[in-house]
Amino acid sequence: MSEGYGEYRNKVLGFIEEHEKWRSHTVNLIASENVTSPSVKRAVASGFMHKYAEGWPRQRYYQGCKYVDEVELIGVDLFCRLFKSDFADLRPVSGTNANQAVFFGLTQPGDKAIVLHTSHGGHISHMPFGAAGMRGLEVHTWPFDNEAFNIDVDKAAQLIREVEPKIVVFGGSLFPFPHPVKELAPVAKEVGAYVMYDAAHVLGLIAGGQFQDPLREGVDVITASTHKTFPGPQGGIIVYKNFGEDVAKLQWAIFPGVLSNHHLHHMAGKVITAAEMLEYGEKYAEQVVKNAKAMAEALVEEGFKVVGEDRGYTESHQVIVDVSDLHPAAGGWAAPLLEEAGIILNKNLLPWDPLEKVNEPSGLRIGVQEMTRVGMKEDDMKEIAGFMKRVLIDREDPKKVERDVFYFRQNFQRPYYSFDYGLP
Ligand SMILES: *Cc1c(COP(=O)(O)O)cnc(C)c1O
């Protein structure tokens, strides 16, 4: 008999239960998260988690894969249909893992890359201290236009011709407006560069046809996470065009380059999510963008400063608020206070912030995709903006607001746009 380590089991299960209860009572606006349907949860909690596969379906290095193979082949087909791509690879276990595979497959150490700087909303995996640097790439960053909140097209074209990179990378984590891919992909092609698009944040919007369409705008390869606007389990995905003989290099980099076994239970969850998006993705993505615009307008009406005014604030799931006028610690003050009121979101460095303000950045980053998935519409965004005003502008006791958030949230408990619950 063991000496009562069962205590720890109880603690872990208890914390999970508390977490789930808390999350179901709060308004989660973290732009990189979502909730999965019961069917996807079933897949992720299935016996597929106990299996090794390695390699491509029907050409595995492990025995016992006949059912796993069927699921993965359905998945490849559904992802190709969803993104109108020639190839889809469900194996990357995260967005960063997908980026690693592309960098290792298509570049050599010493090659040059142009990426979005983290201070302009780029992702760490594109940076010298992240996956791109670990591959030995010489990283240059896109010239950024703070006013337009986007890559500066003319200066970027000039930079591509000057640097002659091996790969250019579009996409980012602070991503209210589509990147100028149509304009810059042809320039990248002039110098023989690969064009990569990191759709981690906006994959669900692209799937629903509500953002840009990277593969039609000249992109060779899309990498992404499968759990942000794409409402699947944690994971990664790569969808790509047939860009010639280097396709094999990319495939070799995915396996055995940066992976041995992939996570088969998550793979199965991605497949069900792809089916959900083929069925409901357009309506979901439409509502996400409508809600983001409604949220931006409601926040402005409540007295907040929302970034991107000239361009209608947002065309994605994100709304970016500058709270530097409200408190000296800005986002470092606002985000924890909102958490006390049951509104969960992140503070965020804005492009014009000095890097040393990383703990007290000017911005808050809001994503409306999860609340959209549980059925919220434009009027509900107004309610949320009102809660935020009570906390941050009226300086009401956050505990009082939390009670109202609790009752408001009770009406939104099911992940819609799914086979389990249909449309809201
Ligand atoms: C979130 C994110 C990633 C990384 O995704 P993980 O799945 O967490 O590894 C990569 N790129 C961008 C732009 C992201 O926002």
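Conventions we followed
- Residues numbered from 1 in each chain as written.
- Predicted model: local features only at pLDDT ≥ 70, side-chain atom pairs only at ≥ 80, totals over all residues.
- Heavy atoms only, no water.
- Helix = DSSP H or I, 4+ residues; strand = E, 2+ residues; numbered from the N terminus.
- Rg over C-alpha atoms; globule rule 2.2 N^0.38 Å.
- Buried < 20%, exposed > 50% of the residue type's maximum accessible area, 1.4 Å probe, protein only.
- Contact = heavy atoms within 4.5 Å.
- Areas by Shrake-Rupley, 256 points an atom, 1.4 Å probe, with all protein chains shown as cover.
- Lys, Arg positive; Asp, Glu negative; His and termini not counted.
- Charge placed at Lys NZ, Arg CZ, Asp CG, Glu CD.
- Near = heavy atom within 4 Å.
- Polar contact = N/O pair within 3.5 Å; in protein donor to acceptor, adjacent residues only side chain to side chain.
- Nonpolar A, V, L, I, M, F, W, Y, C, P; charged D, E, K, R; others polar.
- Core = buried A, V, L, I, M, F, W, Y, C linked by side-chain atoms within 4.5 Å.
- 1 Å grid on protein atoms, 1.4 Å probe; cavity = no way out; pocket = protein on both sides within 12 Å on 5 of 7 lines; lining within 4 Å.
- Points joined across faces, edges and corners; volume = space filled by probe spheres on them.
- Salt bridge = Lys/Arg side-chain N within 4 Å of Asp/Glu carboxyl O.
- Axes fitted to C-alpha atoms, helices over the stretch in contact; angles between N-to-C directions.
- Left-handed = near helix turned anticlockwise from the far one by under 90°.
- Pairing = 2+ DSSP bridges.
- Arc of directions from axis to C-beta.

### Some details on the overall build of the protein
Next up, step 1: Looking only at helices and strands, the protein features 14 helices and 17 strands.
Next up, step 2: Over its C-alpha trace the protein gives a radius of gyration of 22 Å, about what one expects of a compact globule, namely 22 Å for 424 residues.
Next up, step 3: A principal-axis box enclosing the C-alpha atoms of the protein has dimensions of 65 × 60 × 45 Å.
Next up, step 4: When each of the 424 residues of the protein is scored for burial, the buried share is 58%.
Next up, step 5: Once local pairs closer than 6 in sequence are excluded, the contacts in the protein between residues at least 24 apart make up 74%.
Next up, step 6: Element-wise, carbon and sulfur atoms account for 50% of the exposed surface of the protein, whose accessible area totals about 18,100 Å².
Next up, step 7: When the 44 basic and 57 acidic side-chain charges of the protein are each reduced to a single mean position, those positions are 5 Å apart.

### Brief notes about the site of the ligand
Next up, step 1: Every one of the 13 residues lining the ligand counts as a neighbour, but G95, T96, S173, D198 and K228 are closest to it.
Next up, step 2: The side chain of K228 places a nitrogen or oxygen atom 2.9 Å from an oxygen atom of the ligand.
Next up, step 3: The fraction of the free accessible surface of the ligand (390 Å²) that becomes covered by protein chains is 86%.
Next up, step 4: No other element matches the three residues that helix α4 (residues 95–106) contributes to the shell around the ligand.
Next up, step 5: Residues of the shell around the ligand, tallied by class, amount to one nonpolar, 10 polar and two charged.

### Concerning the nonpolar core
Next up, step 1: The biggest cluster of nonpolar side chains holds 108 residues, and the ones touching the most others in it are Y197 and M388.
Next up, step 2: Here this core gets 17 residues from one element, more than from any other, and that element is helix α10 (residues 264–301).
Next up, step 3: Ignoring anything within four residues of it in the chain, the contact list for Y197 reads F170, F175, V181, V202, I206, F211, Q212, P214, V219, V221, I222 and T223.
Next up, step 4: Judged by nonpolar contacts, the second largest core, of 23 residues, contains M127, A132, M196 and L259.

### Here's the deal with the layout of surface pockets
Next up, step 1: What the largest pocket holds in volume is close to 760 Å³.
Next up, step 2: If you trace the largest pocket, you find 24 residues lining it, with R23, N34, V35, T36 and K41 closest to the centre.
Next up, step 3: Listed by contribution, the elements that provide at least two residues to the lining of the largest pocket are α1 (6–25) and α2 (38–44).
Next up, step 4: Here the lining of the largest pocket is composed, by residue class, of nine nonpolar, 10 polar and five charged.
Next up, step 5: Empty space within the second largest pocket amounts to approximately 400 Å³.
Next up, step 6: Lining the second largest pocket are 18 residues, with T118, G122, S173, N348 and R365 positioned closest to its centre.
Next up, step 7: Among the elements that take part in the lining of the second largest pocket, strand β16 (residues 346–348) stands out by supplying three residues, more than any other.

### Thoughts on the pattern of salt bridges
Next up, step 1: Using the criterion set out here, one finds 22 salt bridges in the structure.
Next up, step 2: Two residues, E370 and R23, come together in a salt bridge whose shortest N-O distance is 2.7 Å. With a gap of 347 residues between them, E370 in helix α12 (residues 369–373) and R23 in helix α1 connect regions that are remote in the sequence.
Next up, step 3: Residue K189 is joined to D220 by a salt bridge in which the shortest nitrogen-to-oxygen separation is 2.7 Å. Taken as a pair, K189 in helix α7 (residues 181–190) and D220 in the loop between α8 (203–207) and β11 (221–225) lie far apart in primary sequence, 31 residues in all.

### Overview of the packing of helix α11 (residues 331–340) against helix α13 (residues 378–392)
The relative placement of two packed helices is expressed as an angle between their axes plus a distance between the axes.
Next up, step 1: In contact at an axis separation of 10 Å, α11 and α13 are set at 115 degrees when each is read in the N-to-C sense. Between α11 and α13 lies a crossing whose hand is right-handed. Contacts between α11 and α13 involve W333, A334, L337 and L338 from the first element and M388, V391 and L392 from the second.

### Side note on the sheet that holds strand β5 (residues 112–115)
Next up, step 1: Pairing in this open sheet of seven strands is mixed, and the strands run β4-β12-β11-β10-β9-β5-β6 from one edge to the other. For this open sheet the edge positions go to β4 (87–89) and β6 (138–141), each flanked by a neighbour on one side alone. Averaged over neighbouring strand pairs, the angle between their axes works out to 20 degrees when direction is ignored.
Next up, step 2: Sheet topology note: the strand β10 (residues 194–198)/β11 ladder contains three bridges and is parallel. The residue of β11 that forms the bridge with M196 is V221.
Next up, step 3: Along the sheet face, α7 touches β9 (167–170) and β10 and points at about 145 degrees away from the line of β10.

### Details of the sheet that holds strand β14 (residues 318–322)
Next up, step 1: Here four strands make up an open sheet; going across it, the order is β13-β14-β17-β16 and the pairing antiparallel. The open sheet has two edge strands with one neighbour each: β13 (305–306) and β16.
Next up, step 2: Relative to β14, β13 is paired through two bridges, and the arrangement is antiparallel. Across the sheet, the residue bridging to K305 is D322, located in β14.
Next up, step 3: With respect to the sheet, α11 is in contact with β16 and β17 (363–367), its orientation differing from that of β17 by roughly 40 degrees.

### Details of the environment of P128
Next up, step 1: Within the secondary structure, P128 is located in the loop between β5 and α5 (131–134).
Next up, step 2: P128 sits 14 residues away from W142 along the chain, and the two C-alpha atoms are 14 Å apart.
Next up, step 3: Discounting residues that sit within four places of it in the chain, P128 has contacts with G133, M134 and V139.

### Comments concerning helix α6 (residues 153–163)
Next up, step 1: Within α6, the full set of buried residues consists of A156, A157, L159, I160 and V163. Seen from one end, α6 has its buried residues packed into an arc of 160 degrees, which puts them on one side. In α6, the exposed positions that point more than 90 degrees away from the buried face belong to D154, Q158 and E162.
Next up, step 2: The opening residue of α6, the one whose side-chain oxygen lies 3.3 Å from the backbone nitrogen of D154, is D152.

All quantities given are derived from atomic positions and should not be read as evidence of function.
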